[in-house]
Each structure stands twice: as C-alpha cells, then as structure tokens.
Amino acid sequence: MALLTGKTALIFGVANDHSIAWGIAKAFHREGATLGFSYAGEKLERRVRPLAESLGSDWIEPCDVSKDEDIARVMEKAQARFGAIDILVHSIAFANRDDLSGPYLNVTRQGFMTAMDISVYSFTALARAVAPLMRPNGALLTLTYIGSQRAVPHYNVMGVAKAALEASVRYLAADLGADERRIRVNAISAGPIRTLAVAGIAGSRALISEFSKISLLRRNITIEDVGNAAAYLCSDLAAGVTGEVHYVDAGFNVGFPLSDDAGG
Ligand code: NAD
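Residues numbered from 1 in each chain as written. Predicted model: local features only at pLDDT ≥ 70, side-chain atom pairs only at ≥ 80, totals over all residues. Heavy atoms only, no water.

### Overview of the overall build of the protein chain
Secondary structure assignment for the protein chain yields eight helices and seven strands. For 264 residues, the compact-globule formula gives about 18 Å, and the C-alpha radius of gyration of the protein chain, at 18 Å, lands near that figure. In terms of its C-alpha atoms, the protein chain occupies a principal-axis envelope of roughly 60 × 45 × 40 Å. Burial analysis of the protein chain (264 residues in total) assigns 51% to the buried set. (Helix = DSSP H or I, 4+ residues; strand = E, 2+ residues; numbered from the N terminus. Rg over C-alpha atoms; globule rule 2.2 N^0.38 Å. Buried < 20%, exposed > 50% of the residue type's maximum accessible area, 1.4 Å probe, protein only.)

### A closer look at the layout of surface pockets
The computed volume of the largest pocket comes to approximately 1,400 Å³. Looking at the lining of the largest pocket, the elements with two or more residues in it are β2 (34–39), α2 (42–54), β5 (134–144), α5 (156–178), α6 (196–199) and α7 (204–214). For the lining of the largest pocket, the class distribution of residues is 30 nonpolar, 14 polar and five charged. (1 Å grid on protein atoms, 1.4 Å probe; cavity = no way out; pocket = protein on both sides within 12 Å on 5 of 7 lines; lining within 4 Å. Points joined across faces, edges and corners; volume = space filled by probe spheres on them. Nonpolar A, V, L, I, M, F, W, Y, C, P; charged D, E, K, R; others polar.)

### Notes on the site of the ligand
Neighbouring the ligand are 27 residues; Gly13, Ser19, Ile20, Ile193 and Thr195 lie closest to it. Between the ligand and the protein, one listed contact pairs an oxygen atom with a backbone N or O atom of alanine 15 at 3.4 Å. At a separation of 3.0 Å, a nitrogen atom of the ligand approaches a polar backbone atom of valine 65. For the ligand, the accessible surface in isolation is 810 Å², of which the surrounding protein chains cover 92%. According to the grid-proximity analysis, the pocket containing the ligand is the largest pocket. Elements represented by at least two residues in the shell around the ligand include exactly β5 and α6. Counting residues per element, the shell around the ligand draws most heavily on α6, at three residues. For the shell around the ligand, the per-class residue count stands at 19 nonpolar, six polar and two charged. (Near = heavy atom within 4 Å. Polar contact = N/O pair within 3.5 Å; in protein donor to acceptor, adjacent residues only side chain to side chain. Areas by Shrake-Rupley, 256 points an atom, 1.4 Å probe, with all protein chains shown as cover. Sits in = over half its atoms within 2 Å of the grid points.)

### Here we look at the UniProt feature "binding site: NAD(+)" (unreviewed entry) in the protein chain
Under the present numbering, the feature "binding site: NAD(+)" (unreviewed entry) in UniProt falls on Gly13, Ser19, Ile20, Asp64, Val65, Ile92, Lys162, Ile193, Arg194, Thr195, Leu196 and Ala197. These annotated residues cover 185 residues of sequence, and their C-alpha atoms reach 23.6 Å apart at the extremes, leaving them scattered rather than at a single site. None of the other annotated residues line the largest pocket; only Gly13, Ser19, Ile20, Asp64, Val65, Ile92, Lys162, Ile193, Thr195, Leu196 and Ala197 do. Checked against the element boundaries, aspartate 64 lands in the loop between β3 (60–62) and α3 (68–82). Apart from the residues within four sequence positions on either side, aspartate 64 is in contact with Ala40 and Asp70. Engagement of the side chain of aspartate 64 in a polar contact is seen with the side chain of serine 66, the distance being 2.7 Å. You can call threonine 195 buried: its relative accessible area is 14%. Look past the residues within four positions of threonine 195 in its chain and what remains in contact with it is His18, Ser19 and Ile20. (UniProt positions renumbered as here; feature names shortened; annotations may be inferred. Contact = heavy atoms within 4.5 Å.)

Shown next, in the form of structure tokens:
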C-alpha cells in the first residue's frame, strides 16, 4: 500500500512547477493522498490550477497568509469539501528584495516585520486554523534553510526568520503533541534549489552551482528529493518523529567533502 493512502493533504505554496511545494505535491499524489491546493493570489491561479488538476485536484483556493480573514475562509472551504484533514504543508516565505542583498545591518523595521509575518507567523496561524479539522496522527510540515544556523551571504533577514520558524516548529510540536490526536510538526531544511523565491536572493545562482562541489554527496538537491522526504515525514512511518528539522541537503550541514586530490 502507498504511504499516504486515505490521507488528505492541504498544500500551501505552489507558485509554479519549480516550487518545492510542487515536488511535495507530486510525491504525495504518488503515495495515494487526496490533495487540496492554496496559492498566494489571483495572478498565480493561471499557473497553479492546471498543475493541481494534473494531480486530480479541483480544490484550488487563494489565500494570502498575511490576512487572517483569508486563512479563516480557506479553512472553512477545506472543511466543507474534505471534512477532516490529515496533513498541512506550509511552503511559503517572503522578504523584500532589498533585504536579500547587502548587509543584514540595514534591514528596516518594516522589512523585518514583513519577513517574520509571512515566513514565520503564517505557519503558526495556519496550524491554529487547521488544528480543529485534523484527524488523529495528523502532520504539519514547513520548509526551512541552513541560513537559520549560519550567516549565509545575503540570506540576511530570511535567516533570522528561519531561526524563528524552526523554534515555532518545536513549540507547535509541544502544543499539538499534548493533544490526544498526537499531531506532529516538523520542518525540512532543504539545500538550495533554483525557484522563484531563491531568484530574489543576491548571489543565489553562484551558491547553487557551487553546492554540487561542497555537499557530501556532490550533487544538488531537487524538489523530488524534498518531496520524497516530506512523504515519509507526513506518513505514519514517522509516527514517532516530531519537532524535528530534517536536513535534505546532500549532507552539507554535517561536513565538507575531501578534496579530489586528498588521496582518499
Ligand atoms: P517558491 O517561490 O516556489 O515558493 C514560495 C511560495 O510562497 C510561493 O508559492 C508564493 O506564492 C508563496 N507566498 C509568498 N507570499 C505569500 C503570501 N503572502 N501568502 C501566501 N503565499 C505566499 O519558492 P520555494 O523555494 O519553493 O519556497 C518554498 C519554501 O521553501 C520557502 O519557505 C523557502 O524559504 C523554502 N526553502 C527554499 C529553498 C530553496 O533553495 N529553494 C531552500 C530551503 C528552504
């Protein structure tokens, strides 16, 4: 039997077929899940609708996660359609382009708050809104990056936001683990992948091309790699795993490869 047979998943964050959320959606579909999609705004519908339909989904709802009323409305619609939910994926981040180049020191109060609101608070807001709809053994998943732990050039305020997001994962895991439904909350920390969001970060092209030389597996990460790990984390195979940040980064976070002339 497939890993997610009988489960319903809401996927937030598909912008196009390069999105990490799309890699996750494809893996969930392959593993038998029923899918619903939410996207940021009207402009994206043209891209997201055909993708969702190609995986047999016709539940495609706009939701700007910076608006409480959008979150409330999308959950009402999810309940009306699906009744109960097993999985929610949050694959959303945003910071002003000006804050993703130059020194972190220059971030404005407004830029800081925007990054924190859309990239961090939205996960907690979605978790709170979906929790009443969740079945026992449900799973919430978000996406993070090692810029939360290390000062990665130009990642700047987004690194600060990801650190807060990872802390949110632990606090949400504590809250929802205490619930008798034992809902789990985890994050995947993905290696760099060329997506729309990453295109806004200064120097990202060079960072991605270097990555295949400096990761232990000497290769880049794909949205399919992340999708497969997400399918495990959101399935009952991971029933004992919560509050974790799971790295899908070809080993980059644990060390660096021997140079080719190191003789061994
Ligand atoms: P992406 O641009 O495809 O996805 C980002 C999504 O965020 C888009 O669908 C966008 O519409 C959505 N979004 C932005 N503001 C929103 C709002 N107000 N309301 C609702 N949705 C909103 O890029 P991606 O790389 O797939 O990013 C997905 C997640 O993965 C992000 O959290 C990102 O930080 C994380 N991540 C990406 C990488 C990478 O290298 N691409 C690595 C690690 C983590």
